[in-house]
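Report on the structure
The primary structure of each chain is shown beneath.
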Amino acid sequence: CRHEAASVVVSSRSYADFTPEATFDIKKVDLHRLEEGPPLTSTLTREDGLKYYRTMQTIRRMELKADQLYKQKIIRGFCHLYDGQEACAVGIEGGITLSDHLITAYRAHGYTLTRGGTVREIMAELTGRREGIAKGKGGSMHMYTKNFYGGNGIVGAQVPLGAGVALACKYLGTDQLCVSLYGDGAANQGQIFETYNMASLWKLPIIFICENNQYGMGTSVERASASTEYYKRGDFIPGLRVDGMDVLCVREATKFAADHCRSGKGPILMELQTYRYHGHSMSDPGVSYRTREEIQEVRSKSDPISMLKDRMLSNNMASVEELKEIDIEVRKEIEDAAQFATTDPEPPLDDLCSHIYANEKSFEVRGATPWTKLTSHS
Amino acid sequence: MAASARLLFRGAGLKAYTANVNSGAQSSFGTTLLRLSPNCSSQTKTQIKHASHFTYHPDPVPTMYGPTTKMNLFQSVTSALDNTLASDPTAVIFGEDVAFGGVFRCTVGLRDKYGKDRVFNTPLCEQGIVGFGIGAAAAGATAIAEIQFADYIYPAFDQIVNEAAKYRYRSGNLFDCGNLTIRAPWGCVGHGSLYHSQSPEAFFAHCPGIKIVIPRGPVQCKGLLLSCIEDHNPCIFFEPKILYRAAVEQVPTEAYTIPLSQAEVLQEGSDVTLVAWGTQIHVLREVVSMAQEKLGVSCELIDLQTILPWDTETVCKGARSSKGLQLLNSTCLTLSSRSTSPKTRCVLAVLSPLKSFYTSPYSFLFLSILI
């Protein structure tokens, strides 16, 4: 997607000078078992544009900060970064509401933010501190917030869970739906297909979303899947293949999918074609199975944040200074959060064995050595 | 008895060792002994972070299997697989990412040497991998399946327990999948947390029909793995991942086998018998010398090696000759009295209530303070 340079007016402008909203052409979506798809244009308000820009920039900077902290060994364990895929998280959230439900796999930091988590809580969770969103007990892969069910380590295991949540929505008559995400690697897990069947049979309000970032760890999609048309893998479930680097594309497709579910038609499957700049995790340099040129090409031609920025600037929806302001604010927020995450104390020792069970009277648990005893509280 | 264990550790007057939270205190392979305060409790004002470690104790150089070369644990696995692919034309290796060498480099070079029809990747589907392996084994191939981490073995649990283990029995010996060996990296590693640290052998330990083997080092690993591959029963071979690079020994280059279901007495002793497997053996070697030095307690150390079917003879002989038996491992293994012979039960009941010592009901979240 090529962009034209925006003409910049140096003098300060009042907000009345900006275009309040503009309509953009978006890529046509490939359809499976659907007569019609989402619209070919999307109207973006200035307000939404700035919101999406800020959120995507926050995710981007947060992930880069996490990279830095991991290399400094302040974040330990495993860390799967989301930079490059911001348009997916932000676009999906733009198509649903916070009262809808969402579940994803381990590349979850972006979703934790869009679902209502704060950068502070997320970073403190990454460093395993007591103010973390999961009280420091979950780490990178296990972040949760209201109507966001994580953050799941085992590949594919979260999808049947999502169907269960969708069943609850239907059963309780809330008009809510559940978005269940998984990756191109997980698309070959048996439980995904079991879930397709159950969801379709019982017409559950679930949007299956396959975030296809072209690589399952180090294996490219062609080498892992007999069919790389992930939006068709649901077979009897209607599917859409969407440009996952364009936040407006993702938003329109999600809105379309949400309408489909809410009208009682049952599940729908979306494949978001996206890309991750980092490797699979921090242990993966990400260049042994793909070229640096490929990564660079995606960065220069399809970066989601640049795409939105160019759209807004060339349509006079924001000024360069304004966006720079946002960048600076985001950077500061991340810095503060990182500082907090580094200095916040670790959870107390008692927390180590709490929450094993619920509603049980406290029992003793062996600690790290035979004579240290901890008490497990429910 | 528990009392004998308390005798081992209490009253030793050892000091606490503090480590900086941010200094990456994971397993250090130095020779400093772990010093602990017996009164450490959550009531202390400052939380002391204990740095845990173990020191790897290499086996002596084996002389009866021919020339040896220096190998670490993953190289000994590669060597065993190399020997197998060379001598057995039906042998195939498959799993996630094995083609380029595997995430722990256990299969490096094998695809280039033996071809992509013998060493190939599977998609991300553990249940499928094991099911496929059972079929391949039943049809006559020597199938060596890799599960990328033991933590991911559960989707395949049904296939292992309900299919692989019972195949021979339910077909009246007409069919079997004895040619199947499943390999998986196992055990805590310091930073693995919930899903890269598990030791699931206990889940399989009550399933007749399969064998479970866990080596303590490269020499044992190669010999035991080759035994598993040769064995006419489906075997699960767990490889302690923390030892992949850390454990270095002189390992024979030719193929050799170490018998299954034979525990090894690593050290003779008269006061208490310690039974363990895998990484824990090295921790216990240190414990044994500490106990002798500080408390004058003579410990017998037994490496169980084969968890199922386990060597009751050696363990009971040890329990009988010492004053008590302790099972020490980073998992919870229950040896129910129903599964042991009357002789064993009697011996164990009289001499020591068999206690599993290292049960960890919470997940491996703060791994660097465990082990």
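What you see is a predicted model, and the numbers here were worked out from it, not measured in a lab.

Glancing now at the overall build of chain B. Within chain B, the secondary structure is distributed over twelve helices and 14 strands. When the 371 residues of chain B are sorted by exposure, 57% land in the buried category. Accessible area for chain B stands at about 15300 Å²; split by element, carbon and sulfur atoms hold 56% of it.

Broken down by element type, chain A carries eleven helices and twelve strands. Dimensions along the principal axes, computed over C-alpha positions, put chain A at roughly 70 × 55 × 45 Å. Within chain A, the fraction of its 378 residues that count as buried is 58%. Across chain A, the fraction of contacts at a sequence separation of at least 24, relative to all contacts at a separation of at least 6, is 71%. Carbon and sulfur atoms make up 51% of the accessible area of chain A, which totals about 16100 Å². Computed over 45 positive and 50 negative side-chain charges, the separation of the two mean positions in chain A equals 3 Å.

Another point: helix α2 (residues 73–87) of chain B. Residues separated by three or four positions in an α-helix point in the same direction, a consequence of the helix having 3.6 residues per turn. Residue and element names in this part refer to chain B. The end-to-end C-alpha distance of α2, which contains 15 residues, comes to 21 Å, matching closely the 21 Å that a straight helix rising 1.5 Å per residue would cover. With respect to burial, α2 is a largely interior element, eleven of its 15 residues being buried. Of the positions making up α2, those classed as buried are Leu73, Phe74, Ser76, Val77, Thr78, Ser79, Ala80, Leu81, Asn83, Thr84 and Leu85. N-cap assignment for α2: the residue whose side-chain oxygen lies 3.3 Å from the backbone N of Phe74 is Asn72.

A few words now on the nonpolar core. For soluble globular proteins, the rule of thumb is that nonpolar side chains tend to be buried together. Among the nonpolar cores identified, the biggest contains 72 residues, and Ile92, Tyr111, Met123, Val179, Ile207 and Leu240 of chain A are the most heavily contacted of them. Setting aside residues up to four positions removed in sequence, Met123 of chain A forms contacts with Met62, Lys65, Ala66, Leu69, Ile334, Ala337, Ala338 and Ala341 of chain A. If you look at the next biggest cluster of nonpolar residues, it comprises 49 residues, including Phe74, Leu110, Val283 and Leu301 of chain B.

Residue and element names in this part refer to chain A. With mixed pairing, the six strands of this open sheet are ordered in space as β2-β9-β10-β6-β5-β4. Pairing within the sheet leaves two strands with one partner each, and these edge strands are β2 (30–32) and β4 (101–103). Along the sheet, successive strands turn relative to each other by an average axial angle of 20°, direction set aside. Pairing geometry for strand β9 (residues 239–243) and strand β10 (residues 268–273), over five bridges, is parallel. The partner of Arg241 across the bridge, within β10, is Glu271. Most of the contacts of helix α5 (residues 158–172) go to strand β5 (residues 178–183), to which it runs at about 170°, and overall it touches β4, β5 and β6 (206–212).

Inspection of the entire model under this criterion finds 15 aromatic pairs over all chains. Where Phe94 of chain B meets Phe120 of chain B, the ring centres are 5.6 Å apart and the plane angle is 15°; that geometry is what we call stacked. Placement of Phe94 of chain B in strand β2 (residues 91–95) and of Phe120 of chain B in strand β3 (residues 119–121) is noted, with a sequence separation of 26 residues between them. Among the aromatic residues, ring-to-ring pairing joins Phe104, Phe149, Tyr152 and Tyr244 of chain B into one connected group. Directly above the ring of Phe340 of chain A sits Arg120 of chain A, whose terminal nitrogen or CZ lies 3.7 Å from the centroid. The side chain of Arg170 of chain B reaches across the aromatic face of Tyr167 of chain B, ending 4.8 Å from its centre.

Here we take up the sheet that holds β2 of chain B. Residue and element names in this part refer to chain B. Taking strand neighbours across the sheet as the criterion, the seven strands line up as β3-β2-β4-β5-β7-β6-β12 in an open arrangement whose pairing is mixed. Pairing within the sheet leaves two strands with one partner each, and these edge strands are β3 and β12 (306–308). When strand polarity is set aside, the average angle formed by the axes of neighbouring strands in this sheet is 20°. Sheet topology places strand β6 (residues 211–213) next to β12; two bridges connect them, and they run antiparallel. Each residue of the ladder has a partner; that of Ile212, found in β12, is Leu308. Of the strands in this sheet, β2, β3, β4 (142–146), β5 (180–186) and β7 (235–240) touch α2, which is tilted by about 140° from β2.

In this section: the packing of helix α2 (residues 86–95) of chain A against helix α8 (residues 247–262) of chain A. All names here are of chain A. Packing of α2 against α8 brings their axes to within 7 Å, and their N-to-C directions diverge by 40°. The angle between α2 and α8 falls in the class oblique. In this structure, α2 meets α8 at a crossing whose hand is right-handed. Here α2 contributes Ala87, Cys88, Val90, Gly91, Ile92, Gly94 and Gly95 to the contact with α8, which in turn contributes Val247, Val250, Arg251, Thr254, Lys255 and Ala258. Each residue belonging to the contact of α2 with α8 can be placed in one class, and the counts come to seven nonpolar, four polar and two charged.

According to UniProt, the feature "domain: Dehydrogenase E1 component" (unreviewed entry) maps to residues 54–348 of chain A in the numbering used here. Overall, residues 54–348 of chain A shows 46% helix and 11% strand. The separation of its end C-alpha atoms is 35 Å.

With that settled, the discussion passes to the environment of Pro38 of chain A. All names here are of chain A. Here Pro38 is to be found in the loop between β2 and β3 (41–45). Along the backbone, Pro38 and Glu335 are 297 residues apart, and their C-alpha atoms lie at a distance of 39 Å. Filtering out sequence-adjacent residues up to four positions away, Pro38 remains in contact with Val29, Leu31, Leu240, Glu252, Ala253 and Phe256.

What counts as what
Residues numbered from 1 in each chain as written. Chains lettered and ligands numbered in written order. Predicted model: local features only at pLDDT ≥ 70, side-chain atom pairs only at ≥ 80, totals over all residues. Heavy atoms only, no water. Helix = DSSP H or I, 4+ residues; strand = E, 2+ residues; numbered from the N terminus. Buried < 20%, exposed > 50% of the residue type's maximum accessible area, 1.4 Å probe, protein only. Areas by Shrake-Rupley, 256 points an atom, 1.4 Å probe, with all protein chains shown as cover. Contact = heavy atoms within 4.5 Å. Lys, Arg positive; Asp, Glu negative; His and termini not counted. Charge placed at Lys NZ, Arg CZ, Asp CG, Glu CD. Expected span 1.5 Å × (residues − 1). Polar contact = N/O pair within 3.5 Å; in protein donor to acceptor, adjacent residues only side chain to side chain. Core = buried A, V, L, I, M, F, W, Y, C linked by side-chain atoms within 4.5 Å. Pairing = 2+ DSSP bridges. Axes fitted to C-alpha atoms, helices over the stretch in contact; angles between N-to-C directions. Phe/Tyr/Trp six-rings, centres within 6.5 Å; stacked < 30°, edge-to-face > 60°. Lys NZ or Arg CZ within 6 Å of the ring centre and 35° of its normal. Parallel < 35°, antiparallel > 145°, perpendicular 65-115°, else oblique. Left-handed = near helix turned anticlockwise from the far one by under 90°. Nonpolar A, V, L, I, M, F, W, Y, C, P; charged D, E, K, R; others polar. UniProt positions renumbered as here; feature names shortened; annotations may be inferred.

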